Amino acid sequence: MEDLKKRKIKMEEASKGAEFSTTQEHLHFLLDPLNKSQLVDLLSRLGSQYPSIAEEIKSVASADPVHRKLFVRGLAWNTTSETLCAAFQVHGEIEEGAVIYDKATGKSRGYGFITYKHMESTESALKAPSKLIDGRMAVCNLACEGLSGASNTPDLVQRKVYVGGLSPEITSEMLLNFFGRHGEIEEGSVAYDKDTNESRGFGFVTYKTVEAAKKAIDDPQKILGGRTIIVKLADTHKGKTVQTQLPAAVVPVPLPMAAGYIQPGKAHPGAAPVVYSYPQTMASYPASSYPSPPTAPAPYPPHSQISYAPVALRKEPVGLSPPTPMGMGGYPYYLPKQ
């Protein structure tokens, strides 16, 4: 009997320990040291086994619109918000979608945003990021990534092709159909003027692989719309600052200084400097080498000097004149003539 009582007590304690181990605090303690990959793997396995956990994961992931908002670039100038939403509505219900317009001119800025209601729709749209809208290939990625999405990979300069010499009749759809034979295109269109919506005579095509871009460049068939087009990498089309080397004739060459000249503040190891004595003798030039210039004739004949009679100079008294002597009563005093 005593043994049975002891077993029951142990079973009750074990059950209490199990209840304690399933508390939220204890689970948090167990999950805290796990890294992101381990947590994702654990939750994905639990979500696939238990539908309630899967619904909880969906609700938490879709709560933040950052994970449901797409940035769409490369839109045609005539694309409206309605046509943009119609192109992305195939992936699910759209909560909000609009093309961004310039406030000053009221014209499209060539990009827009799509926010889905559920995160699954965003995942479906990202599997096919390129869409042909109004004859132009547009590309989408998560808005939180901005322009640093999949299209801005390090090998983009090797996948983007510049196409020049296009005739005005060539549309973006014709351009994509012509270059689509070399491989799958990620983005591409003809460059149009914003004001007139007319072709500017060139365009760009971005392939998904570097091999497809090389095929397009090496393809000898470069006639589109009755014109011979130019196909090359897009980075070679833009002007770059190239450091050119000077010809050998004008390259500055450092000249060695004579040992006799000492620069103050610098040590001159090696041989002792040469001392020059001054004055140094200079080679004389022969007189015949430099003849003296001819003497110019006098412009006027010389005249004899004219003498004048001396003139006596009159000395003027210096200072004030002496006062007149005064007599008695203030009358002037006259001196007799001598």
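Owing to the predicted nature of the structure, the values given are computational and were not obtained by experimental measurement.

S.K.: Tell me about the overall build of the protein chain, residues and numbers included.
M.R.: Check the secondary structure of the protein chain and you find 10 helices and 11 strands. For the protein chain, the proportion of its 338 residues judged to be buried stands at 24%. Within the protein chain, residue pairs in contact and separated by at least 24 positions form 61% of the contacts whose partners lie at least 6 positions apart. Surface exposure of the protein chain reaches about 26,400 Å², of which carbon and sulfur atoms provide 59%.

S.K.: Outline the packing of aromatic side chains, listing residues and values.
M.R.: Working definition: an aromatic ring pair is given by the centre-to-centre distance plus the angle between the planes. Per the counting criterion, the structure on display carries 7 aromatic pairs. Centre to centre, the rings of Phe-71 and Phe-113 are 5.5 Å apart; their planes meet at 50°, and the pair counts as tilted. One end of the pair, Phe-71, is in strand β1 (residues 69-73); the other, Phe-113, is in strand β3 (residues 108-116), with 42 residues separating them in the sequence. Classification of Phe-71 as buried rests on a relative accessible area of 11%.

S.K.: Give a detailed account of the side chain of Asp-219, specifying residues and quantitative values.
M.R.: For Asp-219, the location among the structural elements is in the loop between α9 (210-218) and β9 (223-224). At a separation of 3.2 Å, a polar atom in the side chain of Asp-219 contacts the main-chain amide nitrogen of Gln-221. Excluding residues that lie within four positions of it along the chain, Asp-219 makes contacts with Arg-181 and His-182.

S.K.: Now, about the nonpolar core: what can you tell me, with residues and values included?
M.R.: Formed by 19 residues in total, the largest nonpolar core has its most connected members in Val-163, Leu-166, Leu-175, Phe-179, Tyr-207 and Ile-229. Residue contributions to this core peak at 4 residues, all from helix α8 (residues 172-179). Setting aside residues no more than four positions away along its own chain, Phe-179 makes contact with Val-163, Ile-185, Val-205, Tyr-207, Ala-216, Ile-229 and Val-231.

S.K.: For the environment of Gly-97, give the residues involved together with the corresponding values.
M.R.: Structurally, Gly-97 is set in strand β2 (residues 94-101). C-alpha of Gly-97 to C-alpha of Leu-70: the two residues are 27 residues apart in sequence and 9.2 Å apart in space.

S.K.: Describe the pairing of β1, with residues and values.
M.R.: Burial analysis of β1 places 4 of its 5 residues in the buried class, the great majority of the element. As paired elements, β1 and β3 share 5 bridges and run antiparallel to each other. By the bridge assignment for β3, Leu-70 is matched with Ile-114. Direction of pairing for β1 relative to strand β5 (residues 136-142): antiparallel, over a ladder of 4 bridges. Residue pairing across strands places Phe-71 opposite Asn-141, the latter belonging to β5.

S.K.: Account for the pattern of salt bridges, naming residues and giving values.
M.R.: By the definition in use, this model includes 8 salt bridges. With a closest N to O distance of 4.0 Å, Glu-120 and Lys-58 form a salt bridge. Of this pair, Glu-120 sits in helix α6 (residues 119-127) while Lys-58 sits in helix α4 (residues 51-62), and the two are 62 residues apart along the sequence. For Glu-120, a relative accessible area of 36% gives the class partly exposed. In this structure, Glu-184 and Lys-208 form a salt bridge, with 3.0 Å as the shortest nitrogen-oxygen distance. Of this pair, Glu-184 sits in the loop between α8 and β7 (185-192) while Lys-208 is found in the loop between β8 (199-207) and α9, placing the two residues 24 residues apart along the sequence.

S.K.: How would you explain the pairing of β5 if you had to name every residue and give the values?
M.R.: Within a regular strand, the side chains alternate between the two sheet faces. By the criterion of burial, β5 is predominantly enclosed, with 7 of the 7 residues buried. Pairing between strand β4 (residues 130-133) and β5: 4 bridges, direction antiparallel. Bridge assignment links Leu-132 to a residue of β5, and that residue is Met-137. Once β4 ends, the chain turns through 2 residues before running back antiparallel as β5, passing Asp-134 with a positive phi of about 55°.

S.K.: Outline α9, supporting the account with residue identities and numerical values.
M.R.: All buried positions along α9 are accounted for by Val-210, Ala-212, Ala-213 and Ala-216. Buried positions in α9, seen along its axis, are confined to an arc of 160° and lie on one side of it. Exposed positions of α9 whose direction lies more than 90 degrees from the buried face are Glu-211, Lys-214, Lys-215 and Asp-218. Looking at the packing, one finds that the buried side of α9 touches α7 (156-159), β6 (160-164), α8, β8 and β11 (230-233).

S.K.: Outline unusual backbone geometry, supporting the account with residue identities and numerical values.
M.R.: A positive phi angle is found at Asp-134, which is not glycine, with a value near 55°. With respect to the element layout, Asp-134 can be found in the loop between β4 and β5. On the accessibility criterion, Asp-134 (39% relative accessible area) is partly exposed.

Cut-offs and rules
- Residues numbered from 1 in each chain as written.
- Predicted model: local features only at pLDDT ≥ 70, side-chain atom pairs only at ≥ 80, totals over all residues.
- Heavy atoms only, no water.
- Helix = DSSP H or I, 4+ residues; strand = E, 2+ residues; numbered from the N terminus.
- Buried < 20%, exposed > 50% of the residue type's maximum accessible area, 1.4 Å probe, protein only.
- Contact = heavy atoms within 4.5 Å.
- Areas by Shrake-Rupley, 256 points an atom, 1.4 Å probe, with all protein chains shown as cover.
- Phe/Tyr/Trp six-rings, centres within 6.5 Å; stacked < 30°, edge-to-face > 60°.
- Polar contact = N/O pair within 3.5 Å; in protein donor to acceptor, adjacent residues only side chain to side chain.
- Core = buried A, V, L, I, M, F, W, Y, C linked by side-chain atoms within 4.5 Å.
- Pairing = 2+ DSSP bridges.
- Salt bridge = Lys/Arg side-chain N within 4 Å of Asp/Glu carboxyl O.
- Arc of directions from axis to C-beta.

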